Amino acid sequence: MRPNIDISHTLNGRVKDYAEQQDVSLEEAYREIIKAGVEAVDHPDES
C-alpha cells in the first residue's frame, strides 16, 4: 500500500529543482530520492 502523505511546497520545490537539474521527470526524481533515502537508512554507516 502506498502512503498518502502531505509534502510541503518547499520540499516539493526542492524535488522539482532536482528533477530539472538531472533532466528527469518529477516522478523519476521522487523515485531516485526515495530510493537514496531508504538506502541511507538501511546503511547509515556508509555515508
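Because the structure is predicted, anything quoted here is derived from the model rather than measured.

1. A closer look at the overall build of the protein chain
Secondary structure assignment for the protein chain yields two helices and zero strands. Along the first, second and third principal axes, the C-alpha atoms of the protein chain reach 30 × 25 × 20 Å. Per-residue burial over the protein chain gives 6% buried out of 47 residues. Surface accessibility of the protein chain: about 4500 Å² in total, with carbon and sulfur atoms responsible for 50%. Side-chain charges of the protein chain comprise 5 positive and 11 negative groups, with the mean position of each set lying 6 Å from the other.

2. Comments concerning the layout of surface pockets
Taken as a whole, the largest pocket encloses approximately 410 Å³ of empty space. The wall of the largest pocket is formed by Arg2, Pro3, Ile5, Ile7, Leu11, Arg14, Val15, Glu27, Tyr30, Arg31, Ile33 and Ile34. For the lining of the largest pocket, the secondary structure elements donating two or more residues are helix H1 (9–22) and helix H2 (26–42). Looking at the lining of the largest pocket element by element, the count peaks at five residues for H2.

Criteria and cut-off values
- Within each chain, residues carry numbers counting from 1 in the order of the written sequence.
- Under the rules for a predicted model, residues below a pLDDT of 70 receive no local features and side-chain atom pairs below 80 are neither given nor counted, while totals for whole chains, interfaces and linings still include all residues.
- Side-chain measures here rest on the full set of heavy atoms in the structure, leaving out hydrogens and waters.
- Secondary structure follows DSSP: runs of H or I at least 4 residues long count as helices, runs of E at least 2 residues long count as strands, and numbering of each begins at the N terminus.
- Partly exposed residues are those whose accessible area sits between 20% and 50% of the maximum for their type, while under 20% is buried and over 50% is exposed, using a 1.4 Å probe and protein chains only.
- Exposure was quantified through the Shrake-Rupley algorithm and a 1.4 Å probe, taking into account, for residues, occlusion by the shown protein chains and nothing else.
- For the purpose of counting charges, residues Lys and Arg are taken to be positive, whereas Asp and Glu are taken to be negative. His and the chain ends are not included.
- Throughout, a charge is located at the NZ atom of Lys, the CZ atom of Arg, the CG atom of Asp or the CD atom of Glu.
- Of the two site types, the cavity is a set of points on a 1 Å grid over the protein atoms alone where a 1.4 Å probe fits but cannot get out, and the pocket is an open set with protein on both sides within 12 Å along at least five of seven lines, each lined by residues with an atom within 4 Å of a point.
- Grid points are joined across faces, edges and corners, and a volume is the space filled by probe spheres set on the points.

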